[in-house]
Amino acid sequence: MLTRRRFKQIKPLHERLADEATRLREEARTLAPGRRREMLLRRARQDETAIHIDAWLHSPGLRPPT
């Protein structure tokens, strides 16, 4: 039976997403306009959206439905 390798994350999710978005934008900045650059910018925007969703989910004003 195979066992899963588990990783203890050192940084919280929002920090990892922010770091990846920054890295992707820097990489896209070095490329000429084209498909690869657009894909990197799209992934960076998706990471930033995920940061906003994560912040919303962890906000104190959010209440479970009753």
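Here the structure is a predicted model, which means the values were calculated and not measured.

**Comments concerning the environment of Thr3**
Link 1 in the chain: The residue Thr3 is located in the segment before helix 1 (13-30) in this model.
Link 2 in the chain: Spatially, the C-alpha atoms of Thr3 and Leu41 are 36 Å apart, while their sequence positions differ by 38 residues.

**A closer look at the nonpolar core**
Taken as a class, soluble globular proteins show a tendency for nonpolar side chains to be buried jointly.
Link 1 in the chain: By size, the foremost hydrophobic cluster in this structure holds six residues: Ala21, Leu24, Ala28, Leu40, Leu41 and Ala44.
Link 2 in the chain: Only helix 1 and helix 2 (35-57) provide two or more residues apiece to this core.
Link 3 in the chain: The contact partners of Leu40, leaving out residues within four places of it in the chain, are Leu24, Glu27, Ala28 and Leu31.

**Digging into the packing of helix 1 against helix 2**
Link 1 in the chain: Running from amino to carboxyl end, helix 1 crosses helix 2 at an angle of 160 degrees, the nearest separation of the two axes being 9 Å. It follows from the interaxial angle that helix 1 and helix 2 lie roughly antiparallel. As for how helix 1 packs across helix 2, the hand of that crossing is left-handed. Contacts between helix 1 and helix 2 involve Leu13, His14, Leu17, Ala18, Glu20, Ala21, Leu24, Arg25, Glu27 and Ala28 on the former and, on the latter, Arg36, Arg37, Leu40, Leu41, Arg43, Ala44, Arg45, Asp47, Glu48, Ala50, Ile51 and Asp54.
Link 2 in the chain: Taken together, the residues of the contact of helix 1 with helix 2 break down into 11 nonpolar, one polar and 10 charged.

The rules behind the values
- Residues numbered from 1 in each chain as written.
- Predicted model: local features only at pLDDT ≥ 70, side-chain atom pairs only at ≥ 80, totals over all residues.
- Heavy atoms only, no water.
- Helix = DSSP H or I, 4+ residues; strand = E, 2+ residues; numbered from the N terminus.
- Core = buried A, V, L, I, M, F, W, Y, C linked by side-chain atoms within 4.5 Å.
- Buried < 20%, exposed > 50% of the residue type's maximum accessible area, 1.4 Å probe, protein only.
- Contact = heavy atoms within 4.5 Å.
- Axes fitted to C-alpha atoms, helices over the stretch in contact; angles between N-to-C directions.
- Parallel < 35°, antiparallel > 145°, perpendicular 65-115°, else oblique.
- Left-handed = near helix turned anticlockwise from the far one by under 90°.
- Nonpolar A, V, L, I, M, F, W, Y, C, P; charged D, E, K, R; others polar.

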